[in-house]
Amino acid sequence: YHDPGCHTALLAPAILLAGLARFMLRASAVTDHAERLPSFVNSLSAEASPKHRMYLVQYIFHSQAGLYVFETKLTSGVLLKAFYILGMAVFGLVTTVMTGL
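Residues numbered from 1 in each chain as written. Predicted model: local features only at pLDDT ≥ 70, side-chain atom pairs only at ≥ 80, totals over all residues. Heavy atoms only, no water.

Right, let's talk about the confidence of the model for the protein chain for a bit. Per-residue confidence for the protein chain averages 83 on the pLDDT scale, and 90% of its residues sit at or above 70. Per-element mean pLDDT across the protein chain ranges from 83 in helix 1 (residues 5–43) up to 89 in helix 3 (residues 76–99). (pLDDT = per-residue confidence, 0-100. Helix = DSSP H or I, 4+ residues; strand = E, 2+ residues; numbered from the N terminus.)

This part covers unusual backbone geometry. Backbone geometry at Gln-64 places phi at a positive 55 degrees, although glycine is not the residue there. Within the secondary structure, Gln-64 sits in the loop between helix 2 (50–63) and strand 1 (68–69). One non-glycine residue, Glu-71, adopts positive backbone phi at about 60 degrees. Note on placement: Glu-71 falls in the loop between strand 1 and strand 2 (72–73).

Attention now moves to the side chain of Thr-31. The residue Thr-31 is located in helix 1 in this model. Its relative accessible area of 0% is what places Thr-31 among the buried residues. Contact partners of Thr-31, with chain neighbours within four places excluded, come to Gly-66, Leu-67, Lys-73, Leu-74 and Thr-75. (Buried < 20%, exposed > 50% of the residue type's maximum accessible area, 1.4 Å probe, protein only. Contact = heavy atoms within 4.5 Å.)

As a further point, take the pattern of salt bridges. Tallied over the full model, the rule gives 1 salt bridge. Among the ionic pairs, Glu-35 bridges to Lys-73, the shortest N-O distance being 3.8 Å. Taken together, the residues Glu-35 in helix 1 and Lys-73 in strand 2 connect sequence positions 38 residues apart. Its relative accessible area of 42% is what places Glu-35 among the partly exposed residues. Judged by relative accessible area, Lys-73 falls into the buried class, the value being 18%. (Salt bridge = Lys/Arg side-chain N within 4 Å of Asp/Glu carboxyl O.)

Right, let's get into helix 2. Taking 1.5 Å of rise per residue, the 14 residues of helix 2 would be expected to cover 20 Å, and the 20 Å separating its terminal C-alpha atoms lies within 8% of that figure. Backbone geometry just downstream of helix 2 places Gln-64 in the positive-phi region, at approximately 55 degrees. (Expected span 1.5 Å × (residues − 1).)

Attention now goes to the environment of Ile-60. One can find Ile-60 in helix 2. Looking at Ile-60, the relative accessible area reads 16%, which means it is buried. The sequence separation of Ile-60 and Val-41 amounts to 19 residues, and the corresponding C-alpha distance is 9.2 Å.

All right, on to the layout of surface pockets then. Leftover empty space is mapped by rolling, across the atoms, a probe with the size of a water molecule. By volume, the largest pocket amounts to about 160 Å³. Around the largest pocket, the lining residues are Leu-17, Leu-20, Ala-21, Met-24, Leu-79, Ala-82, Phe-83 and Leu-86. Each residue belonging to the lining of the largest pocket can be placed in one class, and the counts come to 8 nonpolar, no polar and no charged. (1 Å grid on protein atoms, 1.4 Å probe; cavity = no way out; pocket = protein on both sides within 12 Å on 5 of 7 lines; lining within 4 Å. Points joined across faces, edges and corners; volume = space filled by probe spheres on them. Nonpolar A, V, L, I, M, F, W, Y, C, P; charged D, E, K, R; others polar.)

Structural data, given as structure tokens:
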């Protein structure tokens, strides 16, 4: 028995998950940019003395700026690992359901 409404019932959650994944990837890009900011500031040749620039770079570095979720810094690497684990869990669940166990 094949229910034609089954595919349309799965379409809305799939679109929602794809939108959530896109949002999380863009949010992790904020942290990635914040991690590269000290190097960028250090490369600028401004009127400030190198000593003051060093203090600014250290302040930015030690502030640990970025987006945190449940006290964990959300970076692209962490997010991709979470996607991988989630994908393996979904694959295992679908495989188990399809084989009828």
